[in-house]
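Architecture at a glance
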Amino acid sequence: MSANEGIKTKSNYLRGTLLESLANGLTGSVSKDDTQLTKFHGIYQQDDRDIRAERRKKKLEPAYSFMIRVRVPGGVSTVEQWLEMDRIAREHANGTLKLTTRQAFQFHGVIKSNLKTTIREINDSLLDTIAACGDVNRNVMCNPNPDQSRVHGAAQKLAQDISDHLTPRTSAYHEIWLTDGDGEKHKVTKDPEEEVEPIYGKTYLPRKFKTVVAVPPSNDVDIFAHCLGYIAIVENDEIVGYNVTVGGGMGMTHGDKKTFPRLADVMAFCTPEQAVEVAEAVVRVQKEYGNRKERKNARLKYTVENFGLKWFRNAVEERLGYKLEDPRPYHFEHNGDRYGWTQDHHGLWHYTLFIENGRLFDTAENPALTGLREIAKTHNGDFRLTANQNLIISRIEESNKEAIQALLDQYGLDGGQNRTALRRNSMACVALPTCGLSLAESERYLPKLVTGLDDVIEEAGLREDEIVIRMTGCPNGCGRPYLGEIGFVGTNANTYNLYLGAGFAGERLNKLYRRDVKDREIVSILRPIIHDYAQNREEGERFGDFTIRAGYVHATTAGNNFHDNIIEREPEPEPALA
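To keep things clear, this report deals only with the structure shown in the data block. Quick caveat, the model's predicted, so the values are computed rather than measured.

Turning our eyes to something else, we now look at the overall build of the protein chain. Across its full length, the protein chain carries 17 helices and 20 strands. Rg of the C-alpha trace for the protein chain: 23 Å, near the compact-globule value of 25 Å for 578 residues, within the 12% margin. Considering only C-alpha atoms, the protein chain reaches an extent of 75 × 60 × 60 Å along its principal axes. Among the 578 residues that make up the protein chain, the fraction classed as buried is 59%. Within the protein chain, residue pairs in contact and separated by at least 24 positions form 69% of the contacts whose partners lie at least 6 positions apart. Split by element, the accessible area of the protein chain, about 22,700 Å² in all, is 47% carbon and sulfur.

As summarised here, the arrangement of the 5 strands in space is β1-β2-β5-β4-β13, forming an open sheet in which the pairing is antiparallel. Every other strand in the sheet has two partners, leaving β1 (43-47) and β13 (359-360) as the edge strands with one partner each. Relative to strand β2 (residues 64-70), β1 runs antiparallel, the two sharing 5 bridges. Within the sheet, the bridge partner assigned to Y44 lies in β2 and is M67.

Whenever strands of a sheet pair, they do so through backbone hydrogen bonds, lying parallel or antiparallel. The mixed open sheet is built from 5 strands, whose spatial order is β6-β7-β8-β9-β10. On the outer flanks of this sheet lie β6 (141-142) and β10 (265-270), each paired with one strand and no other. Looking at chain direction, β6 and strand β7 (residues 211-214) are connected through 2 bridges and run parallel. Note on β7: the bridge partner recorded for C142 is V213.

Tracing the chain through its elements places N400 in helix α13 (residues 398-410). For N400, a relative accessible area of 14% gives the class buried. It is 31 Å that separates the C-alpha atoms of N400 and E466, two residues lying 66 residues apart in sequence. For N400, the residues in contact, after removing those within four places along its chain, are T378 and H379.

With an omega dihedral of 10°, the bond running from P216 to P217 counts as a cis peptide bond. Relative to the helices and strands, P217 is located in the loop between β7 and β8 (228-235). Although it is not a glycine, A131 adopts a positive phi angle of roughly 65°. Its place among the elements puts A131 in the loop between α6 (115-124) and β6. A positive phi angle, near 60°, is found at R395, a position not held by glycine. Relative to the assigned elements, R395 resides in strand β15 (residues 391-396). Take R395: its relative accessible area is 35%, and that puts it in the partly exposed class.

How each quantity is defined
- Residues numbered from 1 in each chain as written.
- Predicted model: local features only at pLDDT ≥ 70, side-chain atom pairs only at ≥ 80, totals over all residues.
- Heavy atoms only, no water.
- Helix = DSSP H or I, 4+ residues; strand = E, 2+ residues; numbered from the N terminus.
- Rg over C-alpha atoms; globule rule 2.2 N^0.38 Å.
- Buried < 20%, exposed > 50% of the residue type's maximum accessible area, 1.4 Å probe, protein only.
- Contact = heavy atoms within 4.5 Å.
- Areas by Shrake-Rupley, 256 points an atom, 1.4 Å probe, with all protein chains shown as cover.
- Pairing = 2+ DSSP bridges.

Any functional reading would require information that these geometric values do not contain.
Following this line, the structure appears as structure tokens:
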């Protein structure tokens, strides 16, 4: 078994020595084993890599801090919860509020001595961090956009129900983080024989598990990138059931062809009443058959890949005790957000804001966090986090629309109207300086790169043409780069693998176009391809489809051929400008 399996087994249902680690004032870190267990509690230990070398020279330990991830099932937050997340970000974290690619809040820069207070205050807002990370089912995503408001309530309820059902039952979270005081009085001594995890058992899952709910024609949650998915089948403005998808996942390891991104398969159709039972059955199959020897091959995608979809469906049905129906027709058109104002069938208004890479903070020129705080004080609807790191100010009454618009104008908040469509469809992971896995910049670099590419986009007359561009600092795929029509994955400092050819609606993986591209080379490499697309595309042809038809890359027809049929190319010369 992998080392993590032993840590989980010995942890007494996720307790480990966390209380002792938290009480140790001689270091800003927790013990090595506890760093794995904190993930189940929604916490990652990190350090500031920008100053790591400097501190090492001074014989100081790394500048440790913690990232805390807050579960927000379906991405829906009340106004009161938004205000609390804003306050916590300013009082306990680094002053920024991060909206993630999976509809969660993240706080960065929380020091160890503030962990218990921060998590307690998060729970006081009726949100929590348990199972936001770790080898369990994580935050359940759901289409939050008002385009499908007539059925959003039902889809959102399913996301919440699955989240509740698959939340770990251990009382360790409450004992460690939510009790008052420290020391012997609250020392965790529960006998592991007294406690039971009815779904997960003491070893939980072999690896992380991600679940989403999509409402066609929007694939904004990138359903095929996740372990388990539900595609709503809508008839007469009601959800009559869901197509169930299994086996998606983005992560891989550079140089290891046994690892690869994989899109989920459409397994079966279930009724709304069966949906939660199906989720548990899928989790149980993965718990029993997932690879616990090699964590690199432990995700559900490899279980489905190795055993086959037919076998996997039979295993799920065996645990359900009944047969599922075959999938029903569906159609996706896009995987982005619809910006600006929209109105639903109740007459309520929704405003979708472009939040570049999901990072909210105040600057003198753009006091975005303050602006949203002022909006929250006058808003009686809710806030919805999107899977593209954007934000919807939702359920705005007609009588309040003018006041909200005035605040949007005052604080320079908009729906991306002044940005190119390329920028509006860009997404990056956090990467440096806090992510310990990052090999290259991502969040701090992508906006600069898009600025350079915007010049090319304007030259080519493509300002309003949507092209999906994504970047991650490592191959683990947190920003879903393998579904970018233009995708970048960090390989070394200022160096990236460049991918082309994903499907616009998230239905096809991209393919490697150039290895180890330096950041200074990217614009010159992409300029001739973008101009070629502008001049020679067919009517309605998307950029990813064009790069395949034009021969820049071969299509990736399945995850297991992601590494095959690579077209190696020399640098393209820049065209002379007219």
